[in-house]
Amino acid sequence: MFVKKNIIKPFENKIWLSSPTMHGDEQKWVNDAFEKNWITTAGENVNEVERLVAEYTGVKYAVALSCGTASLHLATKLAGEKLYGQPKPNCGTLQGHKVFCSDMTFDATVNPVAYEDGEAVFIDTEPQTWNMCPKALEKAFEIYPDVKLVVVAHLYGIPGKIDEIRKICDKHGALIVEDAAESFGAKYKGRETGSFGDYCAISFNGNKIITGSSGGMFLTNSKDDADKIRKWSTQSREDAPWYQHEEIGYNYRMSNIIAGVVRGQIKYIDEHIAQKKAIYERYREGFKGLPVTMNPFDEKNSEPNYWLSCLLINKEAMCRQVRSENEPMYIPEHGKSCPTEILDTLLKYNAEGRPIWKPMHMQPIYRMNGFVTANGNGRGQSNAYIDRGEAVDIGADIFERGLCLPSDNKMTAEQQDIIIELIRSCFE
Ligand SMILES: *Cc1c(COP(=O)(O)O)cnc(C)c1O
């Protein structure tokens, strides 16, 4: 095997983590916008994309916005206003209030809580789907019984335990903002992610499963809420002959050109999911016999969109690895490996992997925020839990031992086999 690694040549063209896949229809709708001269944040493409996404997700109203982060911001702001009323001048709607948030996610999930002057309290991850842990959420409500908002993400296209989370939230009268940015097309108990929250967001960023180069969507079943988001996203103009403003507004609407790209892409969603699923299954097959597992999901209740395939190295097969705030180091060891070694190897052969999202409670910007684990602990975990081998800080553990694999749907089976071979060689 070692010999084989030495004869593998780097890929001539980079194998990406997840790059856009264009089909030709996108260009047609972009040209249509040019021909009709609708080069603005309104037009047929925008209307059509809203209709198509609402239809696909089974949600009544979709509002096309400039990006997923904008959708999450307005969703979070709206939730704050619903819960606590109109904010004081120059204040966010969440001022003085704590919000429970997914911990192991992209920071775009949780930053809107800060935009609205709220305080995120991070809820640890569960090992069955790598999403928000319902047990930790229960504990958090015991510690902070006044919290009324939960922001929850579905990581890497795998639905979290959203039913259990909904039940807990209902019990405590809390609203849910659902971040389905990565999980467009993924289903839980036959229902689309992005349809479970009170307010939901998806993203059409360049590396997502359907892309417009950028763009996002706000989803809700309430017409009033959809109208409100439409108004806020276009500078909150009142109905008057001049620019009249009673509320703070934003320039968050989707461009009709971007919408043309999304419009051309949407009908390929199921094809993209099938390709990503094949990649996931080929990895799972290819790693048989290695001390690793794939990012897990609830096989009974969920159908992921398989956006990114990820790997978790068994504890006993980890070589020594340390990470400072911005630099990793590791000591290679026979029969063992670590995410850093695998990522370095992939890079050497011109393939792109990525560490797992570094949990928010480990981020310098959120170092003072609360963090709750399944056993009710948080920061400054007592060693007793660790000594007893009980679950503590699942997110930190997955970050330490996991990584995202090249998951581009244009990667060929032959190229993927080489990547599998390279990863196998890291354990020799
Ligand atoms: C991509 C992403 C977002 C943000 O979407 P943008 O369109 O890039 O603003 C939010 N949350 C998660 C989990 C994401 O992966």
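Rules behind the numbers
- Residues numbered from 1 in each chain as written.
- Predicted model: local features only at pLDDT ≥ 70, side-chain atom pairs only at ≥ 80, totals over all residues.
- Heavy atoms only, no water.
- Helix = DSSP H or I, 4+ residues; strand = E, 2+ residues; numbered from the N terminus.
- Rg over C-alpha atoms; globule rule 2.2 N^0.38 Å.
- Buried < 20%, exposed > 50% of the residue type's maximum accessible area, 1.4 Å probe, protein only.
- Contact = heavy atoms within 4.5 Å.
- Areas by Shrake-Rupley, 256 points an atom, 1.4 Å probe, with all protein chains shown as cover.
- Lys, Arg positive; Asp, Glu negative; His and termini not counted.
- Charge placed at Lys NZ, Arg CZ, Asp CG, Glu CD.
- Domains from an automatic or database assignment.
- Salt bridge = Lys/Arg side-chain N within 4 Å of Asp/Glu carboxyl O.
- Polar contact = N/O pair within 3.5 Å; in protein donor to acceptor, adjacent residues only side chain to side chain.

1. Considerations on the overall build of the protein
Of the regular secondary structure elements, the protein holds 14 helices and 17 strands. Radius of gyration (C-alpha) of the protein: 22 Å, near the 22 Å computed for a compact globule of 428 residues. C-alpha atoms of the protein, sized along the principal axes, occupy 75 × 55 × 40 Å. Taken over 428 residues, the protein has a buried fraction of 56%. Intrachain contacts of the protein at a sequence separation of at least 6 include 70% that bridge at least 24 residues. About 18,800 Å² of surface is accessible on the protein, with carbon and sulfur atoms providing 51% of the total. Each charge class in the protein can be summarised by its mean position, and for the 50 positive and 59 negative side chains these summaries are 1 Å apart.

2. Brief notes about the domain arrangement of the protein
In terms of domain boundaries, the protein breaks down into domain 1 (5–20 + 269–364 + 383–425) and domain 2 (25–267). Computed over C-alpha atoms only, the centres of domain 1 and domain 2 are separated by 28 Å. If you look at the interface, domain 1 gives 37 residues, while domain 2 gives 38 residues. The interface formed by domain 1 and domain 2 holds zero salt bridges in total. Here domain 1 and domain 2 share 18 residue pairs in polar contact (both at pLDDT 80 or more) between them.

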